[in-house]
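This is what each chain is made of:
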Amino acid sequence: MQSRQPVQSRPRSSHVDSGAFSAIIVTYALALSTAAALGDLNPARIALVTLLVAANAASLVRVHLRLVSRPRKSDYALLLINVAPYLYILYAAPQPWLALSVIPLAVFLWEALHGRGRGGVANVAGTALLASAYLPWLVMMGEKPSLAAINAASIWLAYHVFSAIYVEGKLPFRAIKPWAASIWWLLVLPPLAYTSMSTGLYLALAEPTVRAVYSLREGKVNRSGLRDRVRRIGTALLLESITIAALLSILLIK
């Protein structure tokens with residue numbers, strides 16, 4: 001009798017959220033350029049922050065889907081290891097600007113614990129949380145956030161909320177519409193413009209404002225070729241975020 005050979009299954013590749021990975025890397029680059037603009041760089045601190053960013057990118061970005069679907073004890077331990085350095089900042093030097101990180105974290109955890117971790121609100125809050133790491137990383141690099149840096153953080157966070165709502169609105173299976181992102185941006189635009197007037201950072205508001213006005217007329221993406229269309233949207237948003245980060249960096253240096 002001929003023995004049956006065991007069928008070898010292909011190893012499953014771990015999920016990588018390219019959007020989250022990009023947000024982490026571009027936010028880190030913005031924090032690094034801001035630290036360089038505000039003062040002398042501390043090589044030891046820069047190295048430690050770089051290691052933390054690498055740990056976040058290599059672990060949280062890969063396991064976040066398990067944290068909101070079938071979490072294991074190891075996932076919670078990994079989450080704690082990644083969050084611990086930020087909790088130290090909250091305990092050692094609490095500042096009002098920490099609300100920029102605490103609020104999206106609270107919203108994300110609330111949605112995840114109530115079984116809505118893959119929903120639109122959780123996705124927007126998660127994106128905002130990654131962008132909000134800008135100021136904590138800046139503090140870890142040894143810099144005290146200036147008014148200009150806090151303005152830049154507010155613009156950076158509001159922009160990522162805008163982009164995340166826009167992506168959610170384009171998806172045909174979400175109830176939210178694309179113009180909801182435009183409403184968000186046009187609501188936060190006046191206070192952002194007012195608070196950044198003295199620092200000159202209001203110039204970074206131009207490009208998202210143009211897109212917000214244009215997006216008022218946009219509709220959902222067709223289900224046909226959805227993956228390719230979403231990929232193109234993601235690429236366009238990545239290029240836009242790099243442009244805004246570069247513009248903020250230049251304005252902060254000036």
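Here, every reference points to the structure presented above.
So, a few notes on the structure that sits alongside this text. Note that residues are indexed from 1 along each chain, following the sequence as it is written. Local features in this predicted model are restricted to residues of pLDDT 70 or higher, and side-chain atom pairs are both shown and tallied only at a pLDDT of 80 or more, whereas totals for entire chains, interfaces and linings draw on every residue. Hydrogens and water molecules were not included; the side-chain quantities draw on all heavy atoms of the structure.

## Description of helix 10 (residues 226–253)
Alright, step 1. With 28 residues, helix 10 should reach 40 Å at 1.5 Å per residue; the first-to-last C-alpha distance of 41 Å fits that figure.
Alright, step 2. All of the buried residues in helix 10 are I233, L237, E240, S241, I244, A245, L248, S249, L251 and L252.
Alright, step 3. Two residues form a contact once any of their heavy atoms are found within 4.5 Å. In this description a helix means any DSSP run of H or I spanning at least four residues, a strand means any run of E spanning at least two, and both kinds are numbered starting from the N terminus. Residues of helix 10 that are buried make contact with helix 1 (18–38), helix 6 (134–140), helix 7 (147–170) and helix 9 (206–215). Each helix should span, by expectation, one fewer than its residue count multiplied by 1.5 Å. The classification of residues rests on relative accessible area computed with a 1.4 Å probe and restricted to protein chains. Under 20% of the type maximum is buried, over 50% is exposed, and intermediate values are partly exposed.

## Quick notes on the nonpolar core
Alright, step 1. Within the largest apolar cluster, 56 residues are counted, with the highest numbers of intra-cluster contacts made by Y134, W137, W156, W185 and L248.
Alright, step 2. Broken down by secondary-structure element, the contributors of at least two residues to this core are helix 1, helix 2 (43–67), helix 3 (73–92), helix 5 (120–131), helix 6, helix 7, helix 8 (179–195) and helix 10.
Alright, step 3. By residue number, the principal contributor to this core is helix 7, which donates 14 residues.
Alright, step 4. Sequence-distant contacts of W156, that is, excluding residues within four places in its chain, are made with V26, T27, L30, A131, Y134, S241, I244, A245 and L248. By convention a nonpolar core is built from buried Ala, Val, Leu, Ile, Met, Phe, Trp, Tyr and Cys residues, the set being connected through side-chain atoms within 4.5 Å.

## Points about the packing of helix 7 against helix 9
Alright, step 1. Here helix 7 crosses helix 9 at 25°, and the two axes come no closer than 12 Å. The angle between helix 7 and helix 9 falls in the class roughly parallel. By crossing handedness, the relation of helix 7 to helix 9 is classed as left-handed. On the side of helix 7, the interface is formed by Y159, F162, S163 and Y166, while helix 9 contributes P208, R211, A212 and S215. Every axis corresponds to a line fitted to the C-alpha atoms, with the helix fit spanning only the stretch in contact, and the corresponding angles, defined between N-to-C directions, vary from 0 to 180 degrees. Roughly parallel refers to an angle under 35 degrees, roughly antiparallel to one over 145, roughly perpendicular to one between 65 and 115, and oblique to any angle outside these ranges. Working rule for handedness: look at the near helix, and if it is turned counterclockwise from the far one by less than a right angle, call the crossing left-handed; if clockwise, right-handed.

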